[in-house]
Structure formats: structure tokens, C-alpha cells
Amino acid sequence: MKKLFASMPILLFLILSLSGCNTVGEKNASLTIIYSAVAMLSLLLLIGCLLLVRKNKVWFVLLFSSVLVVNIGYTFLAMSSCLEMALWANRIAYLGSVFLPLAMLMIILNVCGTKHPKWLHGALGILSITIFLIAASPGILPIYYKEVSFAVVDGVSTLIKAYGPLHPLYLIYLLGYFIAMVTVIIRAKIKKTLDSTAHAVILLIAVFVNIGVWLIEQMTSIDFEFLSVSYIISELFLLGIHLVMNEYQRMKTIVKQVEAVHNYSDSKTASSDKMLEKPIEDDAVSPERIEIFIMGLKTLTPTEKEIYDAYIARVTTKEIMANMNIKETTLKYHNRNLYGKLGVSTRKELLEIHKHIKSVKAALEGTNNPADK
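Residues numbered from 1 in each chain as written. Predicted model: local features only at pLDDT ≥ 70, side-chain atom pairs only at ≥ 80, totals over all residues. Heavy atoms only, no water.

**Observations regarding the packing of aromatic side chains**
- Applying the stated criterion to the full structure yields 9 aromatic pairs.
- Here the aromatic rings of Tyr-35 and Tyr-74 are separated by 5.7 Å at their centres, their planes lie at 40°, and the arrangement is tilted. Note that Tyr-35 is positioned in helix 2 (residues 24-52) and Tyr-74 in helix 3 (residues 57-79), a separation of 39 residues in sequence. Across this residue pair, the class does not change: Tyr-35 and Tyr-74 are buried. (Phe/Tyr/Trp six-rings, centres within 6.5 Å; stacked < 30°, edge-to-face > 60°. Helix = DSSP H or I, 4+ residues; strand = E, 2+ residues; numbered from the N terminus. Buried < 20%, exposed > 50% of the residue type's maximum accessible area, 1.4 Å probe, protein only.)

Structure, rendered in C-alpha cells:
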């Protein structure tokens, strides 16, 4: 991830060099190569997204797929040799462009912990399809572009457009998403559902970079569509903050579980025999509980380790007290410390987690056994 961020300035430099310093006859070929390279990078990032993301995967897949589709559209537009081909390339680019802000908004809502109604997904999906159909109308209806023609300007394939009455809808559509995303981030920071100011700043950068690039392109005449690169930067920001937030939430969960275990161990007074009748919790073998259990094993005293081994060997309470020559109150005392360190509340839970760890180790050893390969 860090390498991808570090490579962005180099990529921008290469793009500027290839798109602005070639002779007229070479510009079209150069842009085609650049857009193709950016599209390939988008494909690789999509594959990486599929491997890295676990939660809210559908929105990240939509985001990374939209960026890929946009860059495919730009590539085909640079390769176009006639009006019909250029129009289809333009439609492909718009297909990705209208769904990209939808995916960004949903990701930001989830990262910020902002609740939203389920119907919002469908409503915004219908809106995106509607905007796309309007943007894809050139060549069929004169509503988005009054007139459109194909030309090669300074060696670059382009569409010469005269905007139609519905063209402002796309601008309103983008600004609406922009305002919504900024509002969600600021609201999350105020309500403290977004813990870190740095996270809020990163999210705002991911939003502003695209709007800023889009406005610059509207005010200048640059051959290259820098949105193709700004989209990639934004998706990397969002992916990075998503992974950081997931790890942050995981650590908070572990801390809460450890605190709960300590509180429980201080107040627990029932006998270990009665504890055995208590049903095991559903999350007893969750990764967090396993991690606490394994770390706790390393902190056991010799006496606690002896009791732990006795439980694993299914030795009864009376036999343990007889073998160790201790009273029930002493065993309860050691049980309280033992359970607190392992993050369990019953002997049954202890045995269940031990069994799970043992089965996982056996499976791993079977997988890594050279004789099996």
C-alpha cells in the first residue's frame, strides 16, 4: 500500500511528460499507452481489493470496478478512429463515473459509522442509472449534447460537443454527492463516531481531490484526463483508511474483552463444578478470544499451569484437590486467576477453546507436512 502511494508522484510525472512533450503525430499513441497502463493498474488494484477487504466488500468492489471501467473508457476514447467508437467509449467512461460517487458515499458512511436506511441503496442506484442513461444519450437523443462530432485535435482523438438542456444534471449529481460526503465526515467527527481527526482529514482529501481535479479540467484545456489518476488516489485513500479502522476496531474489541474478563474474575464466586454446567458463549472460539487465550497461557504461574494441565486431562475437582493437597477455597482462588488470564469464565469454555486450538494446529501441521506434498 505504501509503495502504491509513493509511486503516484512518479506516475504523474510520466503522464505529464508523455502527454505534453511529444510531437503532434505521437500524442494519440502516447495517451493510448498511458490510459492502458492506468487501466492495468486499476485492474491490479481491483484484484488487491478482493484479497484485502472483508467488510463492506460490495461497495469496495463497486468502487474499484468503477475506476477500472472509467479508465477503459478513456483508453478506448484515445484509440477511437470515428464518431461511433468515440461515443461508445464516452458511454463506458460515464458508466464508471456515475457509480463511483455512489460507492464512495457508501464506504464513507460505513467508515464513519453513520446509520442509514436500507432503501437508500436502491434509491441512489436508480438515480445513478437515470443519470447514466441521460449521459449515454448522445448519438441517440440531443438532450445531453445538442450536437456532437468527432475530431482529431493536435493528434488527440476527441469529441466536439455542444451541451444540451440536461447536461447540468451531471454537475448537480456530482455536487450533491460531494456535499453529502463532506457532511457525513463532518457530522461523524462532531458526534465522535469517527475517533481520529487524521482519519477525517484523509477522508476529506479523498473527496476533495476528485472535485478539485474535475474543476481544473473544466477551466483548462489539457489533453489528458487526470481524473483517471485522481480516482485511483481516492480509492487508495479509502482502502487504506478502511483497513486502518478495521484494525483499530479489532484492538478496541480485544481491550473490551480483556476488561470484561478481569471484571468478571473479580466478582465470580460460584464453584468450578457449577461453572461446568454453564453453556459456552457463541464467540468462545473467535480470533480475539483465541489470541487472549494463547497470550494468557504464557503468563500462568507453575500452580496455575498444573491446574490447567489437570483440566485438560479431565481430572475431577476432588482429584485435583487431593493430588495438590489443597482446599476448595484455594482451588477457587487459583481458578479465578487462571480464568482471568485465559479470558474464559468456565472450565467447559477453557476445554472448548483448547480443543479448537489443538484442531487448528493439527490441520496446519498436516498442511505443512513435506510428506504430503
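**Re the pattern of salt bridges**
- A complete count under the given rule lists 3 salt bridges for this structure.
- A salt bridge links Lys-305 to Asp-309; the shortest N-O distance between them is 2.9 Å. Residue Lys-305 and its partner Asp-309 are both found in helix 11 (residues 302-312); the two are separated by 4 residues, about one turn of the helix.
- What makes Lys-305 partly exposed here is its relative accessible area of 35%.
- The salt bridge partner of Lys-332 is Glu-328, with a shortest N-O separation of 3.8 Å. Of this pair, Lys-332 and Glu-328 both sit in helix 13 (residues 328-342), 4 residues apart, which is roughly one turn of the helix. (Salt bridge = Lys/Arg side-chain N within 4 Å of Asp/Glu carboxyl O.)

**With respect to the environment of Met-104**
- Along the chain, Met-104 turns up in helix 4 (residues 83-111).
- Sequence-distant contacts of Met-104, that is, excluding residues within four places in its chain, are made with Leu-63, Met-181, Ala-206, Val-207, Asn-210, Ser-234 and Leu-238. (Contact = heavy atoms within 4.5 Å.)

**Considering the side chain of Ser-234**
- Within the element layout of this structure, Ser-234 appears in helix 8 (residues 227-267).
- On the basis of relative accessible area, Ser-234 is assigned to the buried category, the value being 1%.
- Excluding its chain neighbours within four sequence positions, the residues that come into contact with Ser-234 are Met-104, Ala-206, Val-209 and Asn-210.

**Observations concerning helix 4**
- With 29 residues, helix 4 should reach 42 Å at 1.5 Å per residue; the first-to-last C-alpha distance of 42 Å fits that figure.
- In terms of burial, helix 4 is largely enclosed, as 22 of its 29 residues are buried.
- Positive backbone phi, approximately 70°, marks Gly-113, located one or two places after helix 4. (Expected span 1.5 Å × (residues − 1).)

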